[in-house]
Amino acid sequence: MLRSCAALLRTLGAPRGPPGVVWRSFSSEKVIHKDFAVPNPSWSKDLRLLFDQFMKKCEDGSWERLPSHRQTPLQKFEDFKTHFLDSKHMKEEQMSQAQNFTRSFEDGLGFEYVMFCNDIEKMVVCFFQGGPHLQGVPGFIHGGAIATIIDATVGMCANRAGGAAMTANLNINFKRPIPLCSVVVLKSQLDKVEGRKLFVSCSVRSIDEKTLHSEATSLFIKLDPNKRLT
Ligand SMILES: CC/C=C\C/C=C\C/C=C\CCCCCCCC(=O)SCCNC(=O)CCNC(=O)[C@H](O)C(C)(C)COP(=O)(O)OP(=O)(O)OC[C@H]1O[C@@H](n2cnc3c(N)ncnc32)[C@H](O)[C@@H]1OP(=O)(O)O
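Everything numeric in this text was worked out from a predicted model, so none of it was measured.

(A) Main features of the nonpolar core. Counting residues in hydrophobic clusters, the biggest one holds 30 residues, and the most contacted among them are Phe128, Ile150 and Leu186. Among the elements of the structure, β2 (111-118), β3 (123-130), α5 (143-162), β4 (165-174), β5 (183-194), β6 (197-206) and β7 (212-222) are those that each provide at least two residues to this core. Ranked by the residues each element gives to this core, the list is headed by α5, at 7 residues. Each residue touching Ile150, except ones within four places of it in the same chain, is listed here: Gly155, Leu170, Ile172, Leu186, Cys202, Val204, Ser214 and Ala216. With 15 residues, the next largest nonpolar core counts Phe51, Phe54, Phe127 and Val183 among its residues.

Here's what the structure looks like:
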(Lines give C-alpha, C1' and ligand atoms only; values in the text may rest on other atoms or scores of the structure.)
Protein backbone atom coordinates (compact mmCIF):
# COMPACT_ATOMS: atom_id res chain seq x y z
CA MET A 1 0.00 0.00 0.00
CA LEU A 2 2.78 2.41 0.94
CA ARG A 3 4.58 1.58 -2.27
CA SER A 4 1.51 2.28 -4.36
CA CYS A 5 0.86 5.58 -2.51
CA ALA A 6 4.44 6.67 -3.14
CA ALA A 7 4.06 5.77 -6.81
CA LEU A 8 0.85 7.77 -7.01
CA LEU A 9 2.51 10.77 -5.34
CA ARG A 10 5.32 10.61 -7.89
CA THR A 11 2.79 10.51 -10.71
CA LEU A 12 1.20 13.62 -9.24
CA GLY A 13 4.56 15.35 -9.11
CA ALA A 14 4.87 15.59 -5.33
CA PRO A 15 8.36 15.67 -3.79
CA ARG A 16 10.00 12.31 -3.15
CA GLY A 17 10.69 11.03 0.34
CA PRO A 18 12.39 8.07 1.93
CA PRO A 19 10.48 4.77 1.78
CA GLY A 20 7.54 4.71 4.16
CA VAL A 21 7.35 8.51 4.40
CA VAL A 22 4.57 10.25 2.54
CA TRP A 23 5.79 13.73 1.75
CA ARG A 24 3.47 16.64 1.69
CA SER A 25 3.64 19.62 -0.59
CA PHE A 26 2.30 22.71 1.17
CA SER A 27 2.33 24.63 -2.06
CA SER A 28 -0.18 22.36 -3.72
CA GLU A 29 -3.31 20.46 -2.91
CA LYS A 30 -1.75 17.29 -4.28
CA VAL A 31 -1.93 15.54 -0.96
CA ILE A 32 -3.24 12.04 -0.63
CA HIS A 33 -5.46 11.52 2.33
CA LYS A 34 -5.96 7.87 2.87
CA ASP A 35 -8.54 7.12 5.55
CA PHE A 36 -6.95 4.57 7.90
CA ALA A 37 -10.07 3.99 10.03
CA VAL A 38 -11.43 1.32 7.71
CA PRO A 39 -10.67 -2.41 7.59
CA ASN A 40 -7.40 -3.54 6.01
CA PRO A 41 -6.09 -7.11 5.61
CA SER A 42 -4.32 -6.96 9.01
CA TRP A 43 -7.59 -6.46 10.90
CA SER A 44 -8.63 -9.51 12.90
CA LYS A 45 -12.11 -11.01 12.72
CA ASP A 46 -12.87 -9.40 16.10
CA LEU A 47 -11.96 -5.92 14.91
CA ARG A 48 -13.98 -6.33 11.70
CA LEU A 49 -16.99 -7.56 13.67
CA LEU A 50 -16.91 -4.56 16.03
CA PHE A 51 -16.45 -2.24 13.05
CA ASP A 52 -19.50 -3.74 11.31
CA GLN A 53 -21.60 -3.55 14.50
CA PHE A 54 -20.85 0.14 14.96
CA MET A 55 -21.28 0.97 11.28
CA LYS A 56 -24.85 -0.29 11.77
CA LYS A 57 -25.25 2.04 14.75
CA CYS A 58 -24.22 4.90 12.47
CA GLU A 59 -27.23 4.35 10.22
CA ASP A 60 -29.66 6.33 12.42
CA GLY A 61 -27.14 9.16 12.84
CA SER A 62 -26.60 8.68 16.60
CA TRP A 63 -23.04 7.44 16.08
CA GLU A 64 -20.46 8.61 13.57
CA ARG A 65 -17.32 6.88 12.37
CA LEU A 66 -14.35 9.23 12.58
CA PRO A 67 -12.00 9.13 9.62
CA SER A 68 -8.30 9.13 10.46
CA HIS A 69 -5.35 10.27 8.38
CA ARG A 70 -1.61 10.05 8.49
CA GLN A 71 -1.38 13.81 8.15
CA THR A 72 -3.64 16.50 9.60
CA PRO A 73 -5.97 17.69 6.84
CA LEU A 74 -4.48 20.85 5.30
CA GLN A 75 -7.28 23.24 6.25
CA LYS A 76 -7.30 22.06 9.89
CA PHE A 77 -3.53 22.38 9.99
CA GLU A 78 -3.60 25.92 8.56
CA ASP A 79 -6.28 26.99 11.07
CA PHE A 80 -4.26 25.53 13.93
CA LYS A 81 -1.08 27.21 12.69
CA THR A 82 -2.78 30.59 12.32
CA HIS A 83 -4.17 30.60 15.83
CA PHE A 84 -1.68 28.78 18.00
CA LEU A 85 1.73 28.31 16.41
CA ASP A 86 4.72 30.56 16.26
CA SER A 87 6.25 30.27 12.79
CA LYS A 88 9.80 30.66 14.15
CA HIS A 89 9.46 27.22 15.77
CA MET A 90 8.36 25.55 12.56
CA LYS A 91 10.71 24.45 9.82
CA GLU A 92 8.83 23.96 6.56
CA GLU A 93 10.88 20.89 5.60
CA GLN A 94 10.31 19.20 8.95
CA MET A 95 6.63 20.03 8.94
CA SER A 96 6.27 18.60 5.45
CA GLN A 97 7.36 15.24 6.88
CA ALA A 98 5.16 15.41 9.97
CA GLN A 99 2.90 12.43 10.49
CA ASN A 100 0.38 11.57 13.16
CA PHE A 101 2.18 9.22 15.54
CA THR A 102 -0.56 6.59 15.70
CA ARG A 103 -0.70 6.37 11.89
CA SER A 104 3.05 6.14 11.29
CA PHE A 105 3.28 2.36 11.20
CA GLU A 106 2.78 0.00 8.30
CA ASP A 107 -0.54 -1.83 8.23
CA GLY A 108 -0.92 -4.25 11.13
CA LEU A 109 2.39 -3.51 12.86
CA GLY A 110 1.38 -0.65 15.14
CA PHE A 111 -1.87 1.04 16.01
CA GLU A 112 -4.84 -0.38 14.13
CA TYR A 113 -7.97 1.35 15.31
CA VAL A 114 -11.22 3.00 14.49
CA MET A 115 -13.10 5.54 16.59
CA PHE A 116 -16.81 6.24 16.69
CA CYS A 117 -18.37 9.22 18.43
CA ASN A 118 -21.75 10.04 19.83
CA ASP A 119 -21.86 13.83 20.15
CA ILE A 120 -25.15 13.86 22.09
CA GLU A 121 -23.81 11.47 24.73
CA LYS A 122 -20.34 13.13 24.55
CA MET A 123 -18.71 9.74 24.10
CA VAL A 124 -15.96 8.35 21.89
CA VAL A 125 -15.45 4.61 21.52
CA CYS A 126 -12.23 3.22 20.05
CA PHE A 127 -11.65 -0.35 18.89
CA PHE A 128 -7.92 -0.97 19.07
CA GLN A 129 -5.70 -3.80 17.86
CA GLY A 130 -2.10 -3.26 18.98
CA GLY A 131 0.41 -4.78 16.56
CA PRO A 132 3.72 -6.57 17.20
CA HIS A 133 5.82 -3.37 17.01
CA LEU A 134 4.08 -2.07 20.13
CA GLN A 135 5.57 -4.72 22.39
CA GLY A 136 6.72 -3.85 25.90
CA VAL A 137 6.94 -6.85 28.21
CA PRO A 138 7.24 -9.90 25.89
CA GLY A 139 3.85 -10.73 24.43
CA PHE A 140 2.12 -7.61 25.72
CA ILE A 141 1.52 -4.04 24.61
CA HIS A 142 3.93 -1.38 25.89
CA GLY A 143 2.43 0.91 28.55
CA GLY A 144 3.43 3.95 26.49
CA ALA A 145 1.47 2.61 23.53
CA ILE A 146 -1.55 2.07 25.79
CA ALA A 147 -1.17 5.63 27.07
CA THR A 148 -0.97 6.84 23.48
CA ILE A 149 -4.19 5.22 22.35
CA ILE A 150 -5.93 6.39 25.53
CA ASP A 151 -4.67 9.95 24.96
CA ALA A 152 -5.84 9.83 21.33
CA THR A 153 -9.30 8.63 22.42
CA VAL A 154 -9.87 11.04 25.30
CA GLY A 155 -8.31 13.75 23.11
CA MET A 156 -10.84 13.11 20.40
CA CYS A 157 -13.64 13.17 22.98
CA ALA A 158 -12.42 16.53 24.35
CA ASN A 159 -11.83 18.04 20.92
CA ARG A 160 -15.29 16.98 19.68
CA ALA A 161 -16.90 18.58 22.71
CA GLY A 162 -14.80 21.70 23.13
CA GLY A 163 -12.81 22.42 19.96
CA ALA A 164 -9.01 22.56 19.98
CA ALA A 165 -7.82 21.32 23.39
CA MET A 166 -4.58 19.76 24.64
CA THR A 167 -3.85 17.20 27.33
CA ALA A 168 -2.77 18.91 30.55
CA ASN A 169 -3.04 15.81 32.71
CA LEU A 170 -3.47 12.08 32.08
CA ASN A 171 -3.70 9.52 34.90
CA ILE A 172 -3.73 5.85 34.04
CA ASN A 173 -4.12 2.76 36.19
CA PHE A 174 -2.79 -0.26 34.32
CA LYS A 175 -4.74 -3.16 35.80
CA ARG A 176 -4.23 -6.09 33.44
CA PRO A 177 -1.75 -6.33 30.53
CA ILE A 178 -3.03 -6.29 26.97
CA PRO A 179 -1.84 -9.22 24.83
CA LEU A 180 -0.17 -8.18 21.56
CA CYS A 181 -2.49 -8.34 18.54
CA SER A 182 -5.63 -8.69 20.66
CA VAL A 183 -8.53 -6.26 20.28
CA VAL A 184 -9.68 -4.07 23.15
CA VAL A 185 -12.46 -1.53 23.53
CA LEU A 186 -11.80 2.00 24.81
CA LYS A 187 -14.81 3.94 26.04
CA SER A 188 -14.31 7.61 26.80
CA GLN A 189 -16.77 10.03 28.26
CA LEU A 190 -16.76 13.78 28.85
CA ASP A 191 -17.56 14.00 32.56
CA LYS A 192 -17.43 17.71 33.29
CA VAL A 193 -16.62 21.09 31.78
CA GLU A 194 -15.40 24.00 33.92
CA GLY A 195 -14.57 27.04 31.82
CA ARG A 196 -11.69 25.95 29.54
CA LYS A 197 -11.18 22.68 31.48
CA LEU A 198 -12.58 19.47 30.05
CA PHE A 199 -12.53 16.37 32.25
CA VAL A 200 -12.63 13.11 30.30
CA SER A 201 -12.48 9.54 31.64
CA CYS A 202 -11.75 6.32 29.80
CA SER A 203 -11.85 2.57 30.34
CA VAL A 204 -10.03 -0.11 28.35
CA ARG A 205 -11.74 -3.49 28.40
CA SER A 206 -11.60 -6.81 26.61
CA ILE A 207 -14.29 -7.37 23.96
CA ASP A 208 -16.32 -9.59 26.31
CA GLU A 209 -16.01 -6.82 28.94
CA LYS A 210 -14.78 -9.37 31.51
CA THR A 211 -11.30 -7.86 31.78
CA LEU A 212 -10.69 -4.27 32.77
CA HIS A 213 -7.22 -3.60 31.33
CA SER A 214 -6.85 0.09 32.21
CA GLU A 215 -8.71 3.06 33.58
CA ALA A 216 -7.85 6.70 32.99
CA THR A 217 -8.89 10.20 33.88
CA SER A 218 -7.71 13.24 32.01
CA LEU A 219 -7.80 17.00 31.97
CA PHE A 220 -7.84 18.86 28.67
CA ILE A 221 -7.49 22.62 28.39
CA LYS A 222 -9.31 24.34 25.59
CA LEU A 223 -6.73 26.39 23.76
CA ASP A 224 -6.95 30.14 24.05
CA PRO A 225 -6.74 31.68 20.54
CA ASN A 226 -5.16 34.78 22.12
CA LYS A 227 -2.25 32.74 23.52
CA ARG A 228 0.51 31.19 21.43
CA LEU A 229 1.53 27.68 22.51
CA THR A 230 5.24 28.45 22.71
C1 LIG B 1 -5.22 20.31 19.63
C2 LIG B 1 -5.57 19.61 18.35
C3 LIG B 1 -6.30 20.48 17.46
C4 LIG B 1 -6.44 20.40 16.12
C5 LIG B 1 -5.77 19.41 15.31
C6 LIG B 1 -6.64 19.00 14.21
C7 LIG B 1 -7.24 17.77 14.11
C8 LIG B 1 -7.19 16.68 15.11
C9 LIG B 1 -8.44 16.59 15.92
C10 LIG B 1 -8.53 15.93 17.09
C11 LIG B 1 -7.53 14.99 17.58
C12 LIG B 1 -7.09 15.35 18.92
C13 LIG B 1 -6.34 14.20 19.54
C14 LIG B 1 -5.22 14.75 20.34
C15 LIG B 1 -4.63 13.69 21.19
C16 LIG B 1 -3.27 14.05 21.65
C17 LIG B 1 -3.32 15.14 22.66
C18 LIG B 1 -1.95 15.41 23.16
O19 LIG B 1 -1.19 14.52 23.39
S20 LIG B 1 -1.48 16.98 23.48
C21 LIG B 1 0.26 16.82 23.84
C22 LIG B 1 0.56 16.80 25.30
N23 LIG B 1 0.18 18.03 25.91
C24 LIG B 1 0.93 19.12 25.87
O25 LIG B 1 2.00 19.15 25.30
C26 LIG B 1 0.35 20.34 26.55
C27 LIG B 1 1.43 21.16 27.24
N28 LIG B 1 0.77 22.19 28.05
C29 LIG B 1 0.40 23.35 27.53
O30 LIG B 1 0.70 23.67 26.39
C31 LIG B 1 -0.39 24.27 28.42
O32 LIG B 1 -0.18 23.94 29.76
C33 LIG B 1 -1.92 24.19 28.11
C34 LIG B 1 -2.49 22.78 28.35
C35 LIG B 1 -2.18 24.62 26.66
C36 LIG B 1 -2.64 25.16 29.04
O37 LIG B 1 -1.96 26.37 28.98
P38 LIG B 1 -2.78 27.75 29.01
O39 LIG B 1 -1.75 28.82 29.20
O40 LIG B 1 -3.69 27.85 27.88
O41 LIG B 1 -3.68 27.60 30.31
P42 LIG B 1 -3.35 27.94 31.81
O43 LIG B 1 -3.70 29.39 32.00
O44 LIG B 1 -1.98 27.50 32.20
O45 LIG B 1 -4.38 27.01 32.56
C46 LIG B 1 -5.79 27.21 32.39
C47 LIG B 1 -6.44 26.59 33.61
O48 LIG B 1 -6.18 25.18 33.62
C49 LIG B 1 -5.47 24.82 34.82
N50 LIG B 1 -4.47 23.81 34.48
C51 LIG B 1 -3.55 23.86 33.49
N52 LIG B 1 -2.80 22.75 33.50
C53 LIG B 1 -3.23 22.00 34.53
C54 LIG B 1 -2.83 20.74 35.05
N55 LIG B 1 -1.86 20.03 34.50
N56 LIG B 1 -3.51 20.27 36.11
C57 LIG B 1 -4.52 20.97 36.69
N58 LIG B 1 -4.95 22.19 36.23
C59 LIG B 1 -4.30 22.68 35.18
C60 LIG B 1 -4.81 26.12 35.29
O61 LIG B 1 -4.57 26.05 36.67
C62 LIG B 1 -5.90 27.13 34.93
O63 LIG B 1 -6.92 27.02 35.89
P64 LIG B 1 -7.71 28.30 36.44
O65 LIG B 1 -6.68 29.14 37.10
O66 LIG B 1 -8.74 27.73 37.37
O67 LIG B 1 -8.30 28.96 35.21
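What follows continues from the structure just given.
(B) Here's a closer look at the UniProt feature "domain: Thioesterase" (unreviewed entry) in the chain. Residues given the UniProt feature "domain: Thioesterase" (unreviewed entry) here are residues 139-211. In this annotation, residues 139-211 is assigned 27% helix and 44% strand; the end-to-end C-alpha distance for the span is 17 Å.

(C) The side chain of Thr102, seen in detail. Relative to the helices and strands, Thr102 resides in the loop between α4 (92-96) and β2. Side chain to side chain, Thr102 and Tyr113 meet in a polar contact 2.7 Å long. Apart from the residues lying within four places of it in its own chain, the contact partners of Thr102 are Phe111, Tyr113 and Thr148.

(D) Just the pairing of β6, in detail. Among the 10 residues of β6, 7 are classified as buried, and the element is accordingly described as predominantly covered. As paired strands, β5 and β6 are joined by 10 bridges and run antiparallel to one another. Bridging from a neighbouring strand, Lys187 pairs with Ser203 of β6. When β6 meets β7, the two strands line up antiparallel, connected through 9 bridges. Bridge pairing in β7 places Val204 opposite Ser214. Hairpin connection, β6 to β7: the antiparallel pair is bridged by 5 residues, and Glu209 has positive phi, about 65°.

(E) Region of the structure containing the site of the ligand. Within the structure, the ligand sits among 19 residues, and Asp151, Thr167, Arg196, Lys197 and Lys227 are positioned closest to it. The contact in question runs from an oxygen atom of the ligand to an N or O atom on the side chain of Asp151, over 2.6 Å. Thr167 has a polar backbone atom sitting 2.9 Å from a nitrogen atom of the ligand. Counting residues per element, the ones that place at least two in the shell around the ligand are α3 (74-84), α5, β4 and β7. Residues belonging to the shell around the ligand are distributed by class as follows: 10 nonpolar, 4 polar and 5 charged.

(F) View of the confidence of the model for the chain. Residues with a pLDDT of 70 or more make up 86% of the chain, whose mean pLDDT is 86. Below pLDDT 50 for its whole length, residues 1-31 participates in 46 contacts with residues either more than four positions away or in separate chains. With pTM at 0.88, the complex prediction returns an ipTM value of 0.96.

(G) Representation of the pattern of salt bridges in the model. Under the criterion given, the structure shown has 8 salt bridges. For Lys175, the salt bridge goes to Glu215, with nearest N and O atoms at 4.0 Å. Residue Lys175 is located in the loop between β4 and β5, and its partner Glu215 is located in strand β7; the two are separated by 40 residues in the primary sequence. A relative accessible area of 40% places Lys175 in the partly exposed class. One salt bridge in this structure joins Glu209 and Lys187, with 3.4 Å as the shortest N-O distance. Taken as a pair, Glu209 in the loop between β6 and β7 and Lys187 in strand β5 lie far apart in primary sequence, 22 residues in all. Here Glu209 falls in the partly exposed class, since its relative accessible area comes to 47%. Relative accessible area serves as the criterion here: at 37%, Lys187 is assigned to the partly exposed category. Linked through salt bridges whose partners overlap, the residues forming this network are Glu64, Asp119 and Arg160.

(H) Summary view of α5. Between its first and last C-alpha atoms α5 spans 28 Å; for 20 residues at 1.5 Å apiece the expected length is 28 Å, and the two agree. Turning to α5, its buried residues number three or more, namely Ala145, Ile146, Thr148, Ile149, Ile150, Thr153, Val154, Gly155, Cys157, Ala158 and Gly162. Contact partners of the buried residues in α5: β2, β3, β4, β5, β6 and β7. Gly163 sits one or two residues past α5 and shows a positive phi near 80°.

Cut-offs applied
- Residues numbered from 1 in each chain as written.
- Predicted model: local features only at pLDDT ≥ 70, side-chain atom pairs only at ≥ 80, totals over all residues.
- Heavy atoms only, no water.
- Core = buried A, V, L, I, M, F, W, Y, C linked by side-chain atoms within 4.5 Å.
- Buried < 20%, exposed > 50% of the residue type's maximum accessible area, 1.4 Å probe, protein only.
- Helix = DSSP H or I, 4+ residues; strand = E, 2+ residues; numbered from the N terminus.
- Contact = heavy atoms within 4.5 Å.
- UniProt positions renumbered as here; feature names shortened; annotations may be inferred.
- Polar contact = N/O pair within 3.5 Å; in protein donor to acceptor, adjacent residues only side chain to side chain.
- Pairing = 2+ DSSP bridges.
- Near = heavy atom within 4 Å.
- Nonpolar A, V, L, I, M, F, W, Y, C, P; charged D, E, K, R; others polar.
- pLDDT = per-residue confidence, 0-100.
- Salt bridge = Lys/Arg side-chain N within 4 Å of Asp/Glu carboxyl O.
- Expected span 1.5 Å × (residues − 1).

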